[in-house]
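As a plain string of letters, each chain reads:
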Amino acid sequence: MAPPPALRQNAAMDALDPLAVHERRVARDLALLNYPPANWTATVLGPDGAPMPDVLVVGAGMYGVAAAGALRMKGLGNIQVVDAAPAGLEGPWVTFARMETLRSPKHLPGIPLGVPSLTFRAWYEARHGEAGWERLYKIPNADWQDYILWVRRMLDLPVRNGVAVRRLAPAEGRVTAHLATPEGERVLHARRVVLATGRAGTGGAFIPPGIDPALVPRLAAHSSVAIDFAALRGRRVAVLGAGASAWDNAATALEAGAASVDMHVRRRHLPQVNKGRGSASMGFFEGWAGLPPAEKWRLLAYMHDLQAPPPHETVLRTLRNDGFRIHFATPVLAARAAGAEVVLTLPEGREARADFLIIGTGFVVDGGRIAELGDLSAEVALWGDRYDPPAALRRPELARFPWLGEGFELEPRQPGAVPGLGRIHLFSHAAMASLGAIASDIPGASVGAERLAHAVAQHLFREDLGAVRAALEAFAEPELEATPFFVPDAIARP
Ligand SMILES: Cc1cc2nc3c(=O)[nH]c(=O)nc-3n(C[C@H](O)[C@H](O)[C@H](O)COP(=O)(O)OP(=O)(O)OC[C@H]3O[C@@H](n4cnc5c(N)ncnc54)[C@H](O)[C@@H]3O)c2cc1C
C-alpha cells in the first residue's frame, strides 16, 4: 500500500535535506540522554541583588562550546557564554588559520561529548553522504567552523557574540566581569568563570626581542592577525619562524602573488616528528594530571625541545610556488624600518631587506599575563613558583605556565592571597603543563570538557550543600500513596 501523501512529502523533503533528518536523530539522542538534565544549583544573589549565573564561559570557540555543553550535561543550565567575535568568526578557523585543511586527521570525533550523532563524522556524512566522507582527505577549515557552530546550535548553548570581557575581579563567593557589549559597558557577577580564550589568551602573540614594534602594522604583522595579502602582490615578503603557521602564511603570500618569500629559521633543519600527535592518546589525556610534577616536567621539556614540524601538505603547498627560499641557521637578531623597507639584522653582520615581515613565531604562554586579570595576573601561581627542575631541564618559557588545580582552577602564588582566584578556570592550552593536552588541540577536547564540568559541579555542590540539603528535606513526593501502607504523618518524620 502506498504511504499517505503527508509521509510521502516528508520523505521527499528528507531526501532534499538530509541534515534536517540527522538533526532529528540528534534531538532524539539528546532526549534519550535526558538532555538537558534539570538544574540543581541554588539561586545565589550577587551584590547587585540579581541572581548570578553559576558559570560565565568566556570564549565560544571549540573549547568554550565544549565547556558549555559539558556543563549543561551536568545539570548546570544557569550559565552564560560570551565571545568578543561576531557569530561565525570565533577562533582561528576562518580568520587567521591560513591552512587549507586542519592538520588533524579527519577521524577525530570532534566535540561530541559522548553523543555519537554529534561527532564531526556524523555531521559530515549527513551533509555529504558516506561516499563523501570516504572521499574526504582532511577537514577544510570552514567545515570545522561550521561543525562547531552546529554543535552549539544542537546543544542550545546560550552564546552572546560581540561581548568582550575586559576585566575580571575575583572576590569571596564570586567573580565580577566587566563587559563591553553592543549596548555599552556592563557588569556581570558570576559564581565561577571559565576562560576559554584560546592560544593567545594567556600571554598573547610572541614577538621575538629585537623586532621593532613600530614596524606593525605598516611593515609587519604577526601571523595571528588579519593581513591584506592582496597588497603583497609583487612584493618581497620575509617570514620569521618555521612552524605550521609560518608556512601557511608563506604559502598564502605566494599564492596571492608575492614576488618572493624568504623564511628565516634559527634551526639547522626542520623538526621531523610531531610528538604532539604521538602523545594524543587517552593515556596521556587521562593520565597526565596524576603524574608527579617532575614527570610532567620531563615530558613537557622533551616535547618542547623537539618542537613540531609543519604538516607535509603545507610544505608542499608552499613549494608549488616560485619565489620561496628558506634560510636555516639564520636567526633574525633585529628588524627595523628603513623608509619603505624592513631591514633584518642577521648573524655575522649580514642584512636582508623585505617589503613586509610576517612574524610567524606563535604565542607566549605566561600565567602572569592574563589580560582579563590585569595587574592581578602577577598573583597567579606559575610552575616556576612551585617546581624547581634539575639544572639540565630548566626551561624559562615553560616556567611561566600557570600552576592549575585539578579542575583548571587558577591558584594564587601565596595561598589565600587573592580571594576568589580559584573561581576562575583556565581552559586553554596554558593548562598543558598541569593537566596535559586536554584544552590544547582537537583530540583532547571531550576529555578536557568533561574534567572541567565535573570539577565545577563538585565545587557548586559543596558550596550549595545548605540549599541542596533544604531542598532534599522539602522533597516529599509520597511513593506509597497508592498502597495500603501509606502513612501521611510519617512523610516528614522518618
Ligand atoms: C592557526 C591555528 C591552526 C590550528 N590548527 C589545529 C589543527 O589543525 N588541529 C588541532 O588539533 N589544533 C589546531 N590548533 C590548535 C587549537 O585546536 C586551536 O587553537 C583552537 O582554536 C583552540 O580552541 P579554543 O576554543 O581554545 O580557542 P579559540 O578557538 O581561539 O577560541 C577562543 C575564543 O575566545 C574569544 N575571546 C578571547 N578573549 C575574549 C574576551 N576577553 N572576551 C570575550 N571573548 C574572548 C575569541 O574571540 C575566540 O573566539 C590550531 C591553532 C591555530 C592558532
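Residues numbered from 1 in each chain as written. Predicted model: local features only at pLDDT ≥ 70, side-chain atom pairs only at ≥ 80, totals over all residues. Heavy atoms only, no water.

Inspection of the entire model under this criterion finds 32 salt bridges. Across the pair Glu100 and Arg317 runs a salt bridge, and its minimum N-O distance is 3.7 Å. Residue Glu100 is found in the loop between strand E2 (79-83) and helix H4 (120-135), and its partner Arg317 is found in helix H10 (residues 312-319); the two are separated by 217 residues along the sequence. The class for Arg317 is buried, based on a relative accessible area of 6%. With a shortest N-O distance of 2.8 Å, Arg121 and Glu125 are connected by a salt bridge. A residue pair is termed a helical-turn pair when its members lie 3 or 4 positions apart in one helix, as Arg121 and Glu125 do in helix H4 at 4 residues. Overall, the relative accessible area of 40% leaves Arg121 in the partly exposed class. The network of salt bridges with common partners includes Arg235, Arg236, Arg336, Glu341, Glu351, Arg353 and Asp355. (Salt bridge = Lys/Arg side-chain N within 4 Å of Asp/Glu carboxyl O. Helix = DSSP H or I, 4+ residues; strand = E, 2+ residues; numbered from the N terminus. Buried < 20%, exposed > 50% of the residue type's maximum accessible area, 1.4 Å probe, protein only.)

The residues that UniProt annotates with the feature "domain: FAD/NAD(P)-binding" (unreviewed entry) are residues 54-365. Overall, residues 54-365 shows 28% helix and 24% strand. The separation of its end C-alpha atoms is 28 Å. (UniProt positions renumbered as here; feature names shortened; annotations may be inferred.)

Judged by pairing direction, the sheet is antiparallel, and its 3 strands sit side by side in the order E12-E13-E14 without closing on themselves. The open sheet terminates on both sides in strands that have one partner only, identified here as strand E12 (334-338) and strand E14 (351-354). Neighbour-to-neighbour, the strand axes of this sheet turn through a mean angle of 25 degrees, independent of strand direction. Note that strand E13 (residues 341-345) and E14 share 4 bridges and pair antiparallel. From the neighbouring strand, Val343 faces E14, where its bridge partner is Arg353. (Pairing = 2+ DSSP bridges. Axes fitted to C-alpha atoms, helices over the stretch in contact; angles between N-to-C directions.)

What follows concerns the domain arrangement of the protein. The parts lose accessible area when they come together, and the size of an interface is often stated as this lost area. Domain annotation for the protein reports domain 1 (14-202 + 365-467) and domain 2 (213-272 + 309-359). Computed over C-alpha atoms only, the centres of domain 1 and domain 2 are separated by 33 Å. In this assembly, domain 1 packs against domain 2 so that about 860 Å² is buried in total across both faces, 42% of it on carbon and sulfur atoms. If you look at where domain 1 meets domain 2, you find 3 salt bridges. Taken together, the connections running from domain 1 to domain 2 amount to 7 residue pairs in polar contact (both at pLDDT 80 or more). Grouping the constituent residues of the side of domain 1 that touches domain 2 by class yields 3 nonpolar, no polar and 4 charged. (Domains from an automatic or database assignment. Buried area = accessible area lost by both parts, 1.4 Å probe. Polar contact = N/O pair within 3.5 Å; in protein donor to acceptor, adjacent residues only side chain to side chain. Nonpolar A, V, L, I, M, F, W, Y, C, P; charged D, E, K, R; others polar.)

Quick look at the sheet that holds strand E16 (residues 424-426) now. Taken in spatial order, the 5 strands make up an open sheet running E3-E2-E1-E7-E16, and their pairing is parallel. In this open sheet, the two strands that pair with only one neighbour each are strand E3 (159-161) and E16. Across the sheet, the mean angle from the axis of one strand to that of its neighbour is 20 degrees, orientation sign disregarded. Relative to strand E7 (residues 192-195), strand E1 (residues 55-58) runs parallel, the two being bridged by 4 bridges. Residue pairing for E7: Val57 is matched across the bridge by Val194. Where helix H3 (residues 62-73) meets the sheet, its contacts fall on E1, E2 and E7, and the angle it forms with E2 comes to roughly 175 degrees. Helix H14 (residues 445-463) rests against E1, E7 and E16 of the sheet, and its axis sits at about 170 degrees to E7. (Contact = heavy atoms within 4.5 Å.)

This part is about the packing of helix H6 (residues 244-255) against H10. One can describe the packing of H6 onto H10 by two numbers: an axis separation of 9 Å at closest approach and a directional angle of 30 degrees. The angle between H6 and H10 places the two elements in the roughly parallel class. Classified by chirality, the crossing of H10 by H6 is left-handed. Between H6, through Ala244, Trp247, Asp248, Ala250, Ala251, Thr252, Leu254 and Glu255, and H10, the contact on the second element is made entirely by Thr314, Val315, Arg317 and Thr318. Of the residues in the contact of H6 with H10, the class split is 6 nonpolar, 3 polar and 3 charged. (Parallel < 35°, antiparallel > 145°, perpendicular 65-115°, else oblique. Left-handed = near helix turned anticlockwise from the far one by under 90°.)

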